[in-house]
Amino acid sequence: MLSILISSTFNDMQAERDVIRTRVEPALRKVAAQYGQSVRLLDLRWGVNTANMSEEEASQKVLDVCLDEIDRCDGYMVCLLGNRYGWVPDYSKVDSVQRHGVLMEEPVSVTELEIQYGLLQRNQGERAIVFFRDEVCDLPEELYDQYNDPAKDLRQSILKEKLEQLNYTNCTHYRLNSLPDGEFGGLDLFAQMLLEQLTKLIQRIFSNEAAYIKASSIGIANPIPSTVESTNFKLVIPTTSP
């Protein structure tokens with residue numbers, strides 16, 4: 001099974017994570033099934049239980065799980081960045097970073113830590129898909145702080161700049177608009193763009209694996225080409241509108 005980690009802050013990316021879980025992942029599984037393979041998009045919202053833990057214990061648990069799952073995913077990631085930099089743990093109370101060998105010059109948010117360890121440090125930009133949400137238009141005033149963090153704008157901008165300068169990493173910009181019913185416009189386009197990029201990624205991976213198995217069976221050395229053209233495949237995910 002191919003595992004791909006979803007990396008983002010949580011509270012401001014609930015809508016995107018929900019549409020990934022309910023619409024993108026089921027569609028992607030159909031693509032993988034055509035190769036006799038399976039795929040999962042790993043959302044750590046559901047995987048870190050910190051109930052009845054102290055803040056120190058909870059920080060240790062969250063970081064351990066994040067870094068362990070990045071290792072299991074071997075750098076395959078979907079990175080979603082909006083206008084919130086996110087929670088910065090007290091690294092003096094945990095040893096997860098040292099044990100995993102994360103290169104870090106200063107304390108960073110958990111989201112930047114995931115990106116640093118899973119993407120920047122591994123120098124495998126072709127394994128990551130990056131989406132920048134530029135803004136949420138027409139956002140009610142009472143929700144502003146949930147989606148924005150002006151005090152850390154500079155740090156978020158620097159992180160985005162690092163990602164845009166990477167070779168082989170495709171950074172896609174999108175916008176959402178807040179609707180009166182509490183939903184968000186623009187999720188259909190976001191989901192379709194993400195699905196298209198994930199489809200190309202897993203087609204490349206599974207095509208390479210198939211080529212390797214076939215060539216190895218007849219004794220050809222180093223059978224995997226540097227690039228493999230993805231097959232023509234169009235999958236339209238259902239929209240939320242009737």
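Cut-off values and rules
- Residues numbered from 1 in each chain as written.
- Predicted model: local features only at pLDDT ≥ 70, side-chain atom pairs only at ≥ 80, totals over all residues.
- Heavy atoms only, no water.
- Buried < 20%, exposed > 50% of the residue type's maximum accessible area, 1.4 Å probe, protein only.
- Helix = DSSP H or I, 4+ residues; strand = E, 2+ residues; numbered from the N terminus.
- Pairing = 2+ DSSP bridges.
- Right-handed = clockwise from strand over helix to strand, strands pointing away.
- Phe/Tyr/Trp six-rings, centres within 6.5 Å; stacked < 30°, edge-to-face > 60°.
- Salt bridge = Lys/Arg side-chain N within 4 Å of Asp/Glu carboxyl O.
- Contact = heavy atoms within 4.5 Å.
- Axes fitted to C-alpha atoms, helices over the stretch in contact; angles between N-to-C directions.

### A closer look at the pairing of strand 1 (residues 2–7)
Move 1: Buried residues dominate strand 1, accounting for six of its six residues.
Move 2: One ladder, built from four bridges, connects strand 1 with strand 2 (residues 39–42); its direction is parallel. Across the sheet, S3 pairs through a bridge with R40, a residue of strand 2.
Move 3: After leaving strand 1, the chain enters helix 1 (residues 14–33) and then returns to the sheet as strand 2, a path that is right-handed.
Move 4: By the bridge criterion, three bridges tie strand 1 to strand 3 (residues 77–81) in an arrangement that is parallel. Across the sheet, the residue bridging to S7 is C79, located in strand 3.

### Brief notes about the packing of aromatic side chains
Move 1: On inspection of all chains with the given rule, the structure shows five aromatic pairs.
Move 2: Aromatic pair Y35 and F206: ring centres 5.9 Å apart, planes at 45°, arrangement tilted. With Y35 in the loop between helix 1 and strand 2 and F206 in helix 7 (residues 187–217), this residue pair connects regions lying 171 residues apart in the sequence.
Move 3: On the basis of relative accessible area, F206 is assigned to the buried category, the value being 4%.
Move 4: Between F131 and F190, the aromatic rings sit 5.4 Å apart at their centres with planes inclined by 80°, giving edge-to-face as the arrangement. Pair noted here: F131 is in strand 4 (residues 128–137) and F190 is in helix 7, with a separation of 59 residues, a long-range link. F190 matches F131 in its accessibility class, with the two residues each being buried.
Move 5: Taken together, the aromatic side chains of F131, Y174 and F190 make up a single cluster linked through ring pairs.

### So, the pattern of salt bridges
Move 1: Considering all chains together, one arrives at 16 salt bridges under this definition.
Move 2: The salt bridge involving E25 is made with R29; its shortest N-O contact spans 3.2 Å. Here E25 and its partner R29 are both found in helix 1, four residues apart, which amounts to about one turn of the helix.

### Some details on the sheet that holds strand 6 (residues 184–185)
Move 1: Pairing within the open sheet is mixed, and its six strands lie in the order 2-1-3-4-5-6. Of all the strands in the sheet, the pair left with one neighbour each is strand 2 and strand 6.
Move 2: Running at roughly 140° to strand 4, helix 6 (residues 153–164) makes contact with strand 3, strand 4 and strand 5 (170–178) of the sheet.

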